[in-house]
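One-letter residues, chain by chain:
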Amino acid sequence: MEAQIIGQQKIVIDVKRKKDGMARGFGKVVGYTVGITGIIFSCLLFATIIGIFPGITLFFGSLGIIYLSSGKQQVKCPHCQKRQPVVKGVENFKCSKCQNLTVINWK
């Protein structure tokens, strides 16, 4: 992991992307399938008057399942050294502790 300074508050780091195992890949497929099915079913519940409140709960729960299924990797902030989860493939992140922006080059 290399760090390169651009300006005062922005640093570019190189991070090696960890590979997902076979079990993790299967979990992603199941998570996305359950999440998308839940969103479709919640849209059907929105069409009925009685199903609006359960539909809202199911919709946001399904979005949560999809978010949890996305791959994350621990990255250390070069400013304050705090480790935090970052979704794989994002271009940058803002540290929750020091609020500094860090640009990521995935390898």
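Residues numbered from 1 in each chain as written. Predicted model: local features only at pLDDT ≥ 70, side-chain atom pairs only at ≥ 80, totals over all residues. Heavy atoms only, no water.

(A) A look at the environment of Phe41. If you trace the backbone, Phe41 turns up in helix α1 (residues 22–46). Taking C-alpha positions, Phe41 is 8.3 Å from Phe59, a pair spaced 18 residues apart along the chain. (Helix = DSSP H or I, 4+ residues; strand = E, 2+ residues; numbered from the N terminus.)

(B) Broad picture of the pairing of strand β4 (residues 83–87). Residues Gln84 and Val86 line the buried face of β4, whereas the alternating positions Arg83, Pro85 and Val87 sit on a face that is not buried. The pairing of strand β3 (residues 72–76) with β4 spans 5 bridges and is antiparallel. Looking across to β4, one finds that Lys72 is bridged to Val87. Between the end of β3 and the start of β4, which pair antiparallel, lie 6 residues, with Gln81 showing a positive phi angle near 70 degrees. (Buried < 20%, exposed > 50% of the residue type's maximum accessible area, 1.4 Å probe, protein only. Pairing = 2+ DSSP bridges.)

(C) Broad picture of the packing of aromatic side chains. As enumerated under the stated definition, the model contains 2 aromatic pairs in all. Summarising the aromatic geometry, the rings of Phe46 and Phe59 are spaced 6.3 Å apart at their centres and angled 50 degrees between planes, so their arrangement reads as tilted. Of the two residues, Phe46 sits in helix α1 while Phe59 sits in helix α2 (residues 52–69), which places them 13 residues apart along the sequence. Under the relative-accessibility criterion, Phe59 is labelled partly exposed at 23%. With centroids separated by 5.5 Å and ring planes inclined at 80 degrees, the aromatic side chains of Phe59 and Phe60 adopt a geometry described as edge-to-face. Among the residues examined, Phe60 registers a relative accessible area of 55% and is labelled exposed. Following the ring pairs from residue to residue traces out a cluster consisting of Phe46, Phe59 and Phe60. Just above the ring of Tyr67 sits the side chain of Lys72; from NZ or CZ to the centre is 4.1 Å. (Phe/Tyr/Trp six-rings, centres within 6.5 Å; stacked < 30°, edge-to-face > 60°. Lys NZ or Arg CZ within 6 Å of the ring centre and 35° of its normal.)

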